[in-house]
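Commentary on secondary and tertiary structure
Here is how the chains run, residue by residue.
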Amino acid sequence: PTPPNNTTTFLRGDGTFAAPPPSSGALTREGGNTTEASTTSTSLVDMLTVTGLNIAAARPILAIHGARKTAGAAATASIREKLNTSPIEHPRNELFDGTNEAQQALVHFVIGSRVTNYTDGHFNMYSSVGGTAGNATGINGVFASAPTVAITDYIVQGVVANALVTVAADELHIFSYAIS
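Positions within a chain are numbered from 1, following the residues in the order the chain's sequence is written. Confidence filtering applies because this is a predicted model: local features only for residues at pLDDT of at least 70, side-chain atom pairs given and counted only at 80 or more, and all residues used for totals across whole chains, interfaces and linings. Side-chain calculation: all heavy atoms of the structure are included, whereas hydrogens and water are not.

1. With respect to the pattern of salt bridges
- We define a salt bridge as a side-chain nitrogen of Lys or Arg found within 4 Å of a carboxyl oxygen belonging to Asp or Glu. Counted under the stated rule, the structure contains two salt bridges.
- Among the ionic pairs, E36 bridges to R68, the shortest N-O distance being 2.7 Å. Separated by 32 residues along the polypeptide, E36 in the loop between strand 3 (27–33) and strand 4 (37–39) and R68 in strand 6 (residues 61–69) bring together distant segments of the chain.
- Three exposure classes are used, based on accessible area relative to the maximum for each residue type with a 1.4 Å probe and protein chains only: buried under 20%, partly exposed in between, and exposed over 50%. Look at R68 and you get partly exposed, because its relative accessible area is 31%.
- D46 is the partner of K82 in a salt bridge, and the nearest nitrogen-oxygen pair spans 3.5 Å. Counting from the N terminus, the helices are DSSP H or I runs at least four residues long and the strands are E runs at least two residues long.

In structure tokens:
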């Protein structure tokens, strides 16, 4: 409850009214790129790039974006990420399977504080097979290749197994977590 005609305070446990504490800013949007980029290259190329970041090594990072593959050939397509110039290495790269159909995906990376001996991160990539929700494949895993310096650039890369297929990414958003 609040006092009559007052929306800025709340009732405390001791029966008095007080203003809530200011927000701590636990999650900060550091940057993003909301313009779709695509490729039909059979060699790995940069697609989406966010530059001008300054995320200290001690700050954990969350990155999220969409991805898609077109029909055109029975061929796989891959999405990969880079921090600065360092590729994030993970064991399975084919986000989209070799079915000749359009598919879409959600890509989600969580990267912890990047300090000596602690460079792991976790990723989830989920793609809809046959363009149907509920008929999904996923890649989940960890990686140990995040750089131990400030992150200034975040890059989404793409590659296809056959140039008749397009792979694309869009709506890249990068956040950092507060550390205290």
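Okay, back to it.
2. Regarding the sheet that holds strand 8 (residues 86–87)
- Two strands pair if DSSP finds at least two bridges between them. The four strands lie next to each other as 5-12-7-8, forming an open sheet whose pairing is antiparallel. Each edge of the sheet is formed by a strand with only one pairing partner; in this case those strands are strand 5 (45–50) and strand 8.
- Bridging between strand 7 (residues 77–83) and strand 12 (residues 154–160) involves seven bridges; their strand directions are antiparallel. From the neighbouring strand, I79 faces strand 12, where its bridge partner is G158.

3. Focus on unusual backbone geometry
- The phi dihedral of N84 is positive, around 55°, even though this residue is not glycine.
- Note on placement: N84 falls in the loop between strand 7 and strand 8.
- Backbone geometry at N117 places phi at a positive 70°, although glycine is not the residue there.
- Mapped onto the elements of the fold, N117 is located in the loop between strand 9 (103–111) and strand 10 (121–128).
- Overall, N117 belongs to the exposed group, its relative accessible area being 72%.

4. With respect to the side chain of S176
- If you trace the backbone, S176 turns up in strand 13 (residues 167–177).
- The exposure class assigned to S176 is buried, which follows from its relative accessible area of 0%.
- Pairs of N or O atoms within 3.5 Å make up the polar contacts considered here, provided that, within protein, one atom can donate a hydrogen while the other can accept it, and that residues adjacent in sequence are counted only when both atoms are side-chain atoms. One polar contact links S176 to E30, side chain to side chain, over a distance of 2.5 Å.
- Pairs of residues are marked as contacts when any of their non-hydrogen atoms sit within 4.5 Å. Other than its neighbours up to four places away in sequence, S176 contacts A26, L27, T28, E30, I55, R59, P60 and I61.

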